[in-house]
Amino acid sequence: MRFLEYQEKIILKLRSLYRQYGYLPYRMSKFEEYELYSRYKEFMVSDRVVAFSDTNGKLMALKPDVTLSIIKSGSDVPGVKQKVCYNENVYRVSPSTHRFKEIMQAGLECIGDVDLYDVYEVVCLAAQSLAAVSERFVLCLSHLGVLNSAVGRLGLTEEQEREALALLSAKNTHDLRRLCEGSGTDRAACDTLCALAGAYGRRADVLAALRGLPGLAGMEELEKLSALLDGQPFDDRILFDFSLSGDIHYYNGFVFKGYLEGVTGDVLSGGQYDNLMRKMGRRSGAIGFAVYLDMLEQLAPRPRSGDVEYLVLYDETVPTEAVAAQMARLTAEGHTVSAQKSVPGKLRYRKVLDLRKGGSSC
Amino acid sequence: MLSIALPKGRLGEKVYDLFERAGYACPAIREKNRRLIFESRAAGVRYFWVKPSDVAIYVERGAADLGVAGKDILLEYRPDVYELLDLGIGRCRMAVAGKKECDPDMVHNLRVATKFPNIASDYYARLGRDIDVIRLNGSIELAPILGLSDVIVDIVETGATLRENNLEVKSEILPISARLIANKTAYRFRTAQMEQIAQRMKEQVEKQ
């Protein structure tokens, strides 16, 4: 219960933040036509969905993803920008239990003629979203244009490129060098990719290190975005991290993930997904992110002791008015209270107010 | 204070020696007792012993900031961790082995007994071969002898066990060694500390 209250507070904070920047709430049904996911399953975290037949015989699915539905129903008019925010449950297979799990997500999408300002705004909102949960966060930015140009120079096969990106994501430079040596790639190109694997930290430091590397695309965008972020709130916690990669069929340009100290795994994930837009027949670009609210449980405040602060005990001899008066007084003082005729087995409480004859309070 | 998961057993002792030489000594760890966690405030580290196959889980889930796991475990379970350094110890090979008279290329639907179903499946998928994976938890060498499988995919150190059981290596899949791994979230908040440990460990590895 405490976690739900905590989660609700975070959702309210995020919604208010997104509304402030003109992201309108996007409402959607829990169901979507199955066909959407079967057509674009390569873009989903998991290709398994909860499917069922609707009363008209149409095959439906419980939403495993929000972005696909927003793109599908959104407009695609040149020059127009659609900014929406949401908090929705999605249904995915848990990698640990291999069973379906309900996951609460909040996030936003900016779809249309996305420019550098939009990227800057979305990155700032991602940082502010993390700050709304905890001050101890980092938002890590990478750029697929930079990574692809470095991987492309290696001259590897498609399978080897996938392996190289996986090794880069693990900061595994020893096996990356073995892969490059085994396939006879240029040593300088290998050195560049190894340098990117280790490129993590303050933006200015990473940029300084990257400027010395040959043949990297996307550097101008990195420099411009970094300059815009200089001096902004949480500037020191928005870092560059080139061990971050992303699905190149889905993302292009900037990708980012957010981390909170004490929570294992990324609690926020996003980026520019023009490639997905193209695959869905859209002409415009897009950028967005999602915050995985279910992962915040580890940060939720623990109840100090018990389910309620007061247990009020009464019996038939106690007038109902007296019970009601005591309950009104205690709740008005801000306490949590449970009125019971006997002590419930599983209820944890801190104090007892015993209204029964001969009863005592402690 | 950084938490480090060490694999129980001979490999773990070698790994601790490396940490000690790198300046992260915790003398209490060498005492003979049943304690599970050993802390050195001076070195800023806390060690604990876990089953070798569990190290990656402790690190991935953040119960340990750093750990040492074999490449075999990392390839089989694919934990989402950083692999910072090849420690160059615990060297062995992942290999396909079988009875001397068996020619795996002549078997249509090869039966493969292994503790490493993902590594075996990936290897044969790359070769474009269909296999029947038989997952076992120990005494893998028994499988081809008793006719349970045609071959095994397992770790080979010296090859002595294979020879004594009339088995031989048919092909090598990949070399294995111990790796220093890190939790991805912890690394992002304690980068300097973790990088310093990795750098000092690297210096020790290069001295070997």
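For clarity, every value in this text was computed on a predicted model and none was experimentally measured. (Residues numbered from 1 in each chain as written. Chains lettered and ligands numbered in written order. Predicted model: local features only at pLDDT ≥ 70, side-chain atom pairs only at ≥ 80, totals over all residues. Heavy atoms only, no water.)

Regarding its fold elements, chain A presents twelve helices and 15 strands. In terms of overall size, chain A is more extended than a compact globule, its C-alpha atoms giving a radius of gyration of 26 Å where 362 residues would be expected to give roughly 21 Å. Projected onto its principal axes, the C-alpha coordinates of chain A cover approximately 90 × 55 × 40 Å. In chain A, buried positions account for 50% of the 362 residues. Surface exposure of chain A reaches about 17,500 Å², of which carbon and sulfur atoms provide 51%. Here chain A holds 45 positive side-chain charges and 47 negative ones, and the gap between their average locations is 5 Å. (Helix = DSSP H or I, 4+ residues; strand = E, 2+ residues; numbered from the N terminus. Rg over C-alpha atoms; globule rule 2.2 N^0.38 Å. Buried < 20%, exposed > 50% of the residue type's maximum accessible area, 1.4 Å probe, protein only. Areas by Shrake-Rupley, 256 points an atom, 1.4 Å probe, with all protein chains shown as cover. Lys, Arg positive; Asp, Glu negative; His and termini not counted. Charge placed at Lys NZ, Arg CZ, Asp CG, Glu CD.)

Turning next to the packing of helix H1 (residues 10-21) of chain B against helix H8 (residues 191-207) of chain B. All names here are of chain B. Closest axis-to-axis distance for the H1/H8 pair is 9 Å, and the angle between their directions is 110°. Accordingly, the angle class assigned to the pair H1 and H8 is roughly perpendicular. In this structure, H1 uses Leu 18, Phe 19 and Arg 21 to contact H8, whose residues at the interface are Ile 197, Met 201, Gln 204 and Val 205. Along the lines of polarity and charge, the residues of the contact of H1 with H8 split into five nonpolar, one polar and one charged. (Axes fitted to C-alpha atoms, helices over the stretch in contact; angles between N-to-C directions. Parallel < 35°, antiparallel > 145°, perpendicular 65-115°, else oblique. Contact = heavy atoms within 4.5 Å. Nonpolar A, V, L, I, M, F, W, Y, C, P; charged D, E, K, R; others polar.)

Before going further, it helps to spend a moment on helix H7 (residues 173-182) of chain A. Within H7(A) the residues assigned to the buried category are His174(A), Asp175(A), Leu176(A), Leu179(A) and Cys180(A). As for H7(A), its buried residues are in contact with helix H6 (158-169) and helix H8 (187-197) of chain A together with helix H3 (71-77), strand S5 (81-86) and strand S11 (178-183) of chain B. In the stretch just after H7(A), Gly184(A) is the one whose phi turns positive, near 65°.

To continue, consider the pattern of salt bridges. Counted under the stated rule, the structure contains 43 salt bridges over all chains. Ionic pairing is found between Lys71(B) and Glu83(B), a salt bridge with its closest N-O pair at 2.9 Å. In this pair, Lys71(B) sits in helix H3 while Glu83(B) sits in strand S5, placing the two residues twelve residues apart along the sequence. Each of the two residues, Lys71(B) as well as Glu83(B), counts as buried. When salt bridges with common partners are traced through the structure, they connect Asp175(A), Arg178(A), Lys71(B), Glu83(B), Asp86(B) and Arg179(B) into a single cluster. (Salt bridge = Lys/Arg side-chain N within 4 Å of Asp/Glu carboxyl O.)

What follows is about the sheet that holds strand S8 (residues 131-135) of chain B. Residues and elements named next belong to chain B. Spatially, the five strands line up as an open sheet ordered S8-S7-S9-S6-S10, and their pairing is mixed. Every other strand in the sheet has two partners, leaving S8 and strand S10 (167-176) as the edge strands with one partner each. Taken pair by pair, the neighbouring strands of this sheet meet at an average axis angle of 30°, ignoring direction. Bridging between strand S7 (residues 110-114) and S8 involves five bridges; their strand directions are parallel. Bridge pairing in S8 links Val 112 to Val 133. Across the sheet, helix H4 (residues 117-126) is in contact with strand S6 (92-99), S7, S8, strand S9 (151-156) and S10; its angle to S8 comes to roughly 170°. (Pairing = 2+ DSSP bridges.)

Turning next to the domain arrangement of chain A. When its domains are assigned, chain A resolves into domain 1 (3-15 + 94-298) and domain 2 (308-354). Each of domain 1 of chain A and domain 2 of chain A has a C-alpha centre, and these two points are 52 Å apart. (Domains from an automatic or database assignment.)

This part takes up the interface of chain A and chain B. Contacts between the two partners involve 23 residues from chain A, matched on the other side by 19 residues from chain B. Summing the contributions of chain A and of chain B, the shared interface buries around 1,500 Å²; its carbon and sulfur component is 50%. When the buried area of chain A at its contact with chain B is split by residue, Lys171(A), His174(A) and Thr264(A) rank highest and sum to 31% of it. Seen at the junction of chain A and chain B, the total is four salt bridges. Between the two partners, chain A and chain B, sit 14 residue pairs in polar contact (both at pLDDT 80 or more). Mapped by element, the contributors of at least two residues to the side of chain A that touches chain B are strand S7 (137-143), H6, H7 and strand S10 (252-260) of chain A. Partitioned by chemical class, the residues of the side of chain A that touches chain B number nine nonpolar, seven polar and seven charged. (Buried area = accessible area lost by both parts, 1.4 Å probe. Polar contact = N/O pair within 3.5 Å; in protein donor to acceptor, adjacent residues only side chain to side chain.)

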